[in-house]
Amino acid sequence: MWLKPEEVLLKNALKLWVLERSNQYFVLQRRRGYGEEGGGGLAGLLVGTLDAVLDSTSKVAPFRILHQTPDSQVYWSIACGASREEITEHWDWLENNVMNTLSVFDSNEDITSFVQGKIRGLIAEEGKGSFVKEEDPEKFREGLMKFERCFGLPEQEKLVTYYSCSYWKGRVPCQGWLYLSTNFLSFYSFLLGAEIKLIISWDEISKLEKTSNVILTESIHVCSRGEDHYFSMFLHINETFLLMEQLANYAVRRLFDKETFENDLVLHDPLQITKRGLESRAHSEQFSAFFRLPKEETLKEVHECFLWVPFTHYNTHGKMCISENYICFASQDGSLCSVIIPLREVIAVDKADPANRGVSISTKGKRAFRFTEVKDFEQLVTKLQIKCNATSNPQHIISTEVTVQLILISYYLLLGIRFSSLTNSLHIVVSLKEKMKEQSWNILFVERGHGVSMFRTKKTRDLVVRGIPEALRGELWLLFSGAVNDMASNPGYYPELVEKSLGTCTLATDEIERDLRRSLPEHPAFQSDTGISALRRVLTAYAYRNPQIGYCQAMNILTSVLLLYAKEEEAFWLLVAVCERMLPDYFNRRIIGALVDQAVFEELIRVHLPQLTDHMTDMTFFSSVSLSWFLTLFISVLPIESAVNVVDCFFYDGIKAILQLGLAVLEYNMEKLLTCKDDAEAVTVLNRFFDSVTNKDSPLPPAVQQGTSLSDTKSDHPKVDITDLIRESNERYGDIRYEDVESMRCRNRLYVIQTLEATTKQNVCNVFTFSLQKEHFLSCYWNVNSPVLRHHDASLPYLEQYRIDCQQFRVLCHLLSPWSHCANRDSLALWTFRLMDESSDGLINFKQFACVLGYSCFALHPSCKLLVLVCSLFFSFSFCQIGKGKVDIQAYLKQWQDELLKKEENIRDLPRMNQSQFIQFSKTLYNLFHGDPEEELLYRAIAVVTSLLLKMEEVGRRLQGPMSPVKSPVAITEVSAESLQKGPEEGSSKQTEGGRAQSLKGNHEWSFAFEQILASLLNEPAFVRFFEKPQEIKAKIESAKNLQLKARTRV
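Since this is a predicted model, take the numbers as computed values, not measurements.

Reading guide: rules and limits
One numbering rule holds for all chains: residues counted from 1, following each sequence as written. In keeping with the predicted nature of the model, local features appear solely for residues at pLDDT of at least 70, side-chain atom pairs appear and are counted solely at 80 or more, and the whole-chain, interface and lining totals rest on all residues. Side-chain metrics in this entry use all non-hydrogen atoms of the structure; hydrogen atoms and water are not considered. Helix and strand assignments come from DSSP, with helices taken as H or I runs of at least 4 residues and strands as E runs of at least 2, each series counted from the N terminus. Only protein chains enter the accessibility calculation, which uses a 1.4 Å probe. A residue is then buried if its area is under 20% of the maximum for its type, exposed if over 50%, and partly exposed in between. The criterion used for residue contact is that any of the two residues' heavy atoms lie within 4.5 Å. Per-residue accessibility takes into account occlusion by the displayed protein chains alone, with areas from the Shrake-Rupley method and a 1.4 Å probe. The criterion for strand pairing is that DSSP finds at least two bridges linking the strands in question. Stacked, tilted and edge-to-face pairs are distinguished by plane angle, under 30 degrees for stacked and over 60 for edge-to-face with tilted covering the rest, among Phe, Tyr and Trp rings (Trp via its six-membered ring) whose centres lie within 6.5 Å. Two conditions define a charge sitting above a ring: the NZ of Lys or the CZ of Arg must be within 6 Å of the ring centre, and it must be within 35 degrees of the ring normal. Residues enter a nonpolar core if they are buried and are Ala, Val, Leu, Ile, Met, Phe, Trp, Tyr or Cys, with the set joined through side-chain atoms within 4.5 Å. Axes here refer to lines fitted to C-alpha atoms; in helices the fit is confined to the stretch in contact. Angles between the N-to-C directions go from 0 to 180 degrees. Residues with no salt bridge and a relative accessible area higher than 30% make up the patches, which join like charges within 9 Å and nonpolar side chains (Val, Leu, Ile, Met, Phe, Trp, Tyr) within 5 Å. The working definition used for a salt bridge is a side-chain nitrogen of Lys or Arg within 4 Å of a carboxyl oxygen of Asp or Glu. A positive count includes Lys and Arg, and a negative count includes Asp and Glu. His and the chain ends are not counted in either. Where a charge lies is defined by one atom per residue type: Lys uses NZ, Arg uses CZ, Asp uses CG and Glu uses CD. Disulfides are defined in this document as cysteine sulfur pairs within 2.5 Å. One number per residue, pLDDT, summarises how confident the predictor is, and it ranges from 0 to 100. To estimate how far a helix should reach, multiply one less than its number of residues by 1.5 Å. Of all possible arcs, the one meant is that of the directions from the helix axis to the C-beta atoms. Crossing handedness is read from the near helix: turned anticlockwise from the far helix by less than a right angle, it gives a left-handed crossing, and turned clockwise, a right-handed one. When residue character is reported, Ala, Val, Leu, Ile, Met, Phe, Trp, Tyr, Cys and Pro are called nonpolar, Asp, Glu, Lys and Arg charged, and the others, Gly included, polar.

J.: Even after reading the chapter, I still don't get the overall build of the protein, so can you show me in this structure?
T.: The helix and strand inventory of the protein stands at 45 helices and 24 strands. Counting only residues that meet the buried cut, the protein has 52% of its 1051 residues in that class. Taking the contacts inside the protein whose residues are at least 6 apart along the sequence as the reference set, 66% of them involve residues at least 24 apart. Working note: accessible area of the protein is about 49,600 Å², and carbon and sulfur atoms make up 53% of it.

Listed below in structure tokens is the structure:
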């Protein structure tokens, strides 16, 4: 590899290199100890140690080329090589292309300048486009070469970055280099002859965290396959940990969300993954999540500055974050003050107070935001002015489009119906407390603004904790969740989606119809067709928008509550915000998001309620109890009038509000839970507590409130006001920060997904009834480089998630099939694969593979094995026949198996076997019997069965009508017998077979029913003994495992 010319001073240097070749201008050296017996002694060990510690590839490679000029003590390293062949190729190139040119220069300086320029040109041409995205292309190029040489990973493995650190092996630190690539965490160290090489796949990491103790002040703990690894002495440990966390999470996300991963153009292409890109992506994700912005928003700029807060008359210090469509500000602690300014609302951006580097932003609400001490404020003002001009113009067009669509789609006049109008018919009387709440919010709007750009401060949270007024609840839910931005960015989207989704029939729509009447059935709003129809449209539209989620049972309860306080379209966008942004991965088949937050909840219980964890022997109790809390935001366990207050806090504080409330509930019932003898008693305690929770400030009449009807029957339990409970949860656990929750989410996501994946693997292995070695099976199907991962679909049942193609099936058949010795085993594998490929997509899943292997190895009756042969052969012919329709062969397999179990042999509708198929079937039997101890008896039995079947066909033809003048089937007996006696070598020749098929085609078509073939074969004892012979599948699996492991070792 060519190297950027680097000065090397050899005078008085240790003799660490051995001269191999030299000429007037170049020297080829070999590292001492390399290729020598005994490693070159002490000098060789010293060189190896320097290789591991020093960050220079020229010192790592065993060969190098130096450029020298006469009478100079300074040398320049220009190339290195991992092998003699590589370095010799570079040496020959220099002698053939450079040596002759150097003679024309007059001075040594000109020669050195020419050589350096030539080498730099070669490097630029060699790595054109490969490393331009890296911060230091030359240094990264050297690190990449060392990474490839040390670990020998596949060529497509992309190195992201590398760090110098120490790896703790026992109590001894080993200094070396940590390499982070797209699929692996790797470490290499070589100190005085002791080599340490560690390779850990990202998707095998179950724990990744920063730790500290007496010995290790700050280190990174990695747990993989039950083994703990510690890395310390990082120069930038936070940066390293962030990248490791991202790579590990991306790796495990591929296991359960492959579709989203593949649609991501950056993550799907390893060459696009760089250190800078990952850091930028992490910051953008944190930015979007904190400010509740659409996921598409990318953080472009961050400026430290001060924001003038008019109602407090002081400047608050924080960061201004700018994306494509938003300007956001958060104070230093993140909770004191925050502002979101959509560029669609901005009408002017100006310089303000140049002495203080001020920027003034005016919005449509006649409000102005003044930022000061902004670095490069003049350039920022220019950029924002251009952005605002680009985003403000389309606003009139959007409103026109909305008006036109609402006029055209008259059917959706219900979209503007607020469900509060339904509850108005119930004569709800707004209480004095409700009016006072509204007045408090109106004062807040006057002081801090009204709408998206309002100041969000501690006072805002205090009002949310007290409960949002009924009249403002829908509006503020939209505002705090960020759904208002989604709706503004997609005008007319929901009516179009409803129109497209109406009339669709899927599994999701069936489940929605089943659950519609179960959604708040006691509430009057959902006791009429109007409410049920609106709920149906919202859920069906979302299932159509996001088929990957489709519909989850908890979604109907949540959407019902949203519809009580928001218009139909607003409820849809609130549902989008909850499912796709605020509760990620909650509403899917594996509810991974809920399981992750449950793990976070358990971690918080251990920290804040240690006496409870000491009492509970099994922490899974909290997981089973709290699942409904997280999935329905306490709506399923609390009365509706109390649950909406919890939803208020959730839309403002996110999942943190649910975690805090859960801790407060457990602490409130601590004494009773500590006296419980089992889980059932603890569940009863919590259920009684939830039934006693009331909302004394609720404006709903007793007829609608759920808590009032229960208070009489549960009078023995003291009532608890929801406002007091939420306030107490904020006071006791308000120190739980958003950043801490997100960090715990990332940390526990690895553990949860690894646990689910391990359970899936174990379930598959348990279902796989043959004695397959677990380790070998997992290495074949769950290896990070396994081709099976290309066809993985985690949304399917676990037996159908992993699929193999025809080539992989053929290899497995060769290893495991009892008929693998057959001469035409490839054809037989192809026929069987086509038989099991129900969807004709060239793939079969594990369930299908286990099915066909079970038929051929463990069938209780020999006729089942014969049926596999017959159906495979028949399907191979029908597969190529165009226009004749596809035959459902698998239905015959299932039907015949059922009939055998019932001891009823009455199948009459299996397809008949024609001439070509029967001849091929006979040849297949001949090949199967080759090498069997009863080979002669089996061959004789084939001839007897063939003759018998042809005679039966002739008799049947005579009974049906007059003799045909064509050639009788009996005459063909000799042809068939002759083909069998020739063996597979001659009989399978294409020319002979083609001629025979043409000859037979000229005769009247004859065929056999499966019952005839089966009865004839089972009349021969040799056939019965052959197919009833027990198969030693365990020995085959052990042999196959050893063969594949040996092959992998060689690779």
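Next, the rest of the story.
J.: When you look at the pairing of strand β13 (residues 301-309) in this model, what are you seeing that I'm missing?
T.: Burial along β13 is one-sided: the residues Glu 301, His 303, Cys 305, Leu 307 and Val 309 are buried and none of Val 302, Glu 304, Phe 306 and Trp 308 is. Summarising the sheet, β13 and strand β14 (residues 314-322) pair through 9 bridges and their orientation is antiparallel. Along β14, the bridge assignment pairs Phe 306 with His 317. Hairpin connection from β13 to β14: 4 residues lie between these consecutive antiparallel strands, with His 313 at a positive phi of about 60°. Direction of pairing for β13 relative to strand β19 (residues 368-372): antiparallel, over a ladder of 2 bridges. Bridging across to β19, Leu 307 finds its partner in Phe 371.

J.: Help me out: how do you make sense of the packing of aromatic side chains in this one?
T.: Two aromatic rings, taken as a pair, are described by how far apart their centres are and by the angle between their planes. Under the defined criterion, the tally for this structure stands at 36 aromatic pairs. Relative to Trp 573, the ring of Tyr 493 lies with its centre 5.4 Å away and its plane at 40°, an arrangement referred to as tilted. In this pair, Tyr 493 sits in helix α18 (residues 493-501) while Trp 573 sits in helix α22 (residues 568-582), placing the two residues 80 residues apart along the sequence. By way of ring pairs, the aromatic residues Phe 601, Trp 629, Phe 630, Phe 634, Tyr 668, Phe 689 and Phe 690 are connected into one cluster. One cation-aromatic arrangement involves Arg 64 over Trp 17; the distance from NZ or CZ to the ring centre is 4.0 Å. The aromatic ring of Phe 311 is capped on one face by Arg 448, whose charged end is 4.0 Å from the ring centroid.

J.: Mind showing me how you'd approach the nonpolar core here?
T.: Among soluble globular proteins, nonpolar side chains are generally buried collectively. If you look at the biggest cluster of nonpolar residues, it comprises 122 residues, and the most contacted ones within it are Trp 441, Met 555, Phe 587, Phe 651 and Leu 666. Considering every element that reaches this core, the biggest residue donor is α22, with 10 residues. Residue contacts for Phe 587: discarding those within four places in its chain leaves Ile 549, Cys 552, Ala 554, Met 555, Val 578, Cys 579 and Leu 631. Counting residues in each nonpolar core, the second largest holds 37 residues, with Phe 241, Ala 248, Leu 750 and Ile 753 among its members.

J.: Got a minute to help me understand unusual backbone geometry in this structure?
T.: Outside of glycine, negative phi angles account for most residues, and trans bonds account for most peptide bonds. For His 313, which is not glycine, the phi dihedral falls at a positive 60°. One can find His 313 in the loop between β13 and β14. Here Asp 585, not a glycine, exhibits a phi torsion of approximately 65°, which is positive. Position of Asp 585 among the secondary structure elements: in the loop between α22 and α23 (592-608). Overall, the relative accessible area of 16% leaves Asp 585 in the buried class.

J.: Can you help me understand the pairing of strand β15 (residues 326-331) in this one?
T.: Looking along a regular strand, one sees the side chains alternate between the two faces of the sheet. Burial of β15 is extensive: 6 of the 6 residues sit out of reach of the surface. Burial along β15 is two-sided: Tyr 326, Cys 328 and Ala 330 and Ile 327, Phe 329 and Ser 331, pointing in opposite directions, are all buried. With 5 bridges joining them, β14 and β15 adopt antiparallel strand pairing. Following the sheet pairing, Cys 321 is matched in β15 by Cys 328. Counted along the chain from β14 to the antiparallel partner β15, the turn is 3 residues long. Relative to strand β16 (residues 337-342), β15 runs antiparallel, the two being bridged by 5 bridges. Bridged to Ile 327 within β16 is Ile 341.

J.: Just to check I follow, could you spell out the sheet that holds strand β11 (residues 219-224) for this structure?
T.: Each strand in a sheet pairs with its neighbour through backbone hydrogen bonds, running either in the same direction (parallel) or in the opposite one (antiparallel). Pairing in this open sheet of 7 strands is antiparallel, and the strands run β9-β8-β7-β6-β12-β11-β10 from one edge to the other. Edge strands, defined here as strands with exactly one partner in the open sheet, are β9 (194-201) and β10 (205-211). Averaged over all pairs of adjacent strands, the angle between strand axes in this sheet comes to 30°, irrespective of strand direction. Bridge count between strand β6 (residues 159-169) and strand β12 (residues 227-232): 2 bridges; the pairing is antiparallel.

J.: Just checking my understanding: could you explain a negative patch on the surface for this structure?
T.: A cluster of like negative charges, contributed by Asp 618, Asp 678, Asp 679 and Glu 681, occupies part of the molecular surface. Here Asp 678 is to be found in the loop between α28 (670-675) and α29 (679-692).

J.: Explain the environment of Leu 497 to me, please; I cannot follow it from the model alone.
T.: Mapped onto the elements, Leu 497 comes out in helix α18. Judged by its relative accessible area of 6%, Leu 497 falls in the buried class. Each residue touching Leu 497, except ones within four places of it in the same chain, is listed here: Ala 541, Tyr 544, Arg 545 and Phe 572.

J.: Please clarify how the state of the cysteines should be interpreted in this entry.
T.: Among covalent bonds in proteins, the disulfide is the one between the sulfur atoms of two cysteines. The tally for this structure, following the rule as stated, stands at 0 disulfides. Left without a disulfide partner, Cys 321 is nearest to the cysteine sulfur of Cys 328, which lies 6.7 Å away.

J.: So what exactly am I meant to see when it comes to the confidence of the model for the protein here?
T.: Fine structural detail should not be taken from predicted coordinates in areas where pLDDT scores are low. On average, residues of the protein carry a pLDDT of 76, and 73% of them reach 70 or more. A low-confidence stretch, residues 55-59 stays under pLDDT 50, and its non-local contacts, those more than four residues away or across chains, total 19 contacts. Here residues 708-715 is modelled with pLDDT under 50, and outside its nearest four sequence neighbours on either side it reaches 5 contacts, counting other chains as well.

J.: It is not clear to me how the sheet that holds strand β20 (residues 456-457) should be interpreted in this structure. Could you clarify?
T.: A sheet is described by the order of its strands in space; here 8 strands give the open sequence β17-β18-β19-β13-β14-β15-β16-β20, paired in antiparallel fashion. This sheet does not close on itself; its edge strands, each paired only once, are β17 (346-352) and β20. Sheet strands touched by helix α10 (residues 275-291): β14, β15 and β16. Its angle to β15, the strand with the most contacts, is close to 80°.

J.: What am I meant to see in α23 here?
T.: An α-helix turns once per 3.6 residues; consequently, residues spaced three or four apart project the same way. The end-to-end C-alpha distance of α23, which contains 17 residues, comes to 24 Å, matching closely the 24 Å that a straight helix rising 1.5 Å per residue would cover. Among the 17 residues that make up α23, 13 are buried, leaving the element largely enclosed by the rest of the structure.

J.: Is there a simple way to think about helix α14 (residues 432-448) in this case?
T.: Compared with an ideal rise of 1.5 Å per residue, which puts 17 residues at 24 Å, α14 spans 24 Å between its outermost C-alpha atoms and is within 8% of the ideal. Every buried residue belonging to α14 is among Glu 434, Lys 437, Trp 441, Leu 444, Phe 445 and Arg 448, and all of these are buried. An end-on view of α14 places all buried positions within 100° of arc, on one side of the element. What points out from α14, more than 90 degrees from its buried face, is the exposed set Leu 432, Lys 435 and Val 446. Taken from the residues just after α14, Gly 449 is the one with a positive phi, measuring 95°.

J.: Just to check I follow, could you spell out the environment of Cys 388 for this structure?
T.: By the element assignment, Cys 388 lies in helix α11 (residues 377-392). Counting along the chain gives 45 residues from Cys 388 to Leu 343, while the straight-line C-alpha distance between them is 5.8 Å. The residues touching Cys 388, leaving out its near neighbours within four places in the chain, are Leu 343, Val 346 and Val 349.

J.: Help me understand the packing of helix α16 (residues 470-481) against α22, please; the structure alone is not making it clear to me.
T.: The description of two packed helices rests on the angle between their axes and on the distance between the axes. Orientation of α16 relative to α22, taken along the N-to-C sense of each, is 35°, at an axis distance of 10 Å. The hand of the α16/α22 crossing is left-handed. Along the contact surface, α16 presents Trp 477, Leu 478 and Ser 481, while α22 presents Glu 570, Leu 574, Ala 577, Arg 581 and Met 582. Across the contact of α16 with α22, the residue classes tally to 5 nonpolar, 1 polar and 2 charged.

J.: So what exactly am I meant to see when it comes to the pattern of salt bridges here?
T.: Opposite charge on two side chains makes pairing possible when the charged atoms of those side chains draw close. By the definition in use, this model includes 32 salt bridges. Note that Glu 447 and Arg 448 form a salt bridge whose closest N and O atoms lie 2.4 Å from each other. In this structure Glu 447 comes out as partly exposed when scored by relative accessible area, which is 33%. For Arg 745, the salt bridge identified is with Glu 742, shortest N-O distance 3.3 Å. Taken together, the positions of Arg 745 and Glu 742, both in helix α32 (residues 738-767) and 3 residues apart, correspond to about one turn of that helix. Assessed through its relative accessible area of 7%, Arg 745 is described here as buried. By sharing partners, the salt bridges in this structure join Glu 20, Arg 30 and Arg 84 into a single network.

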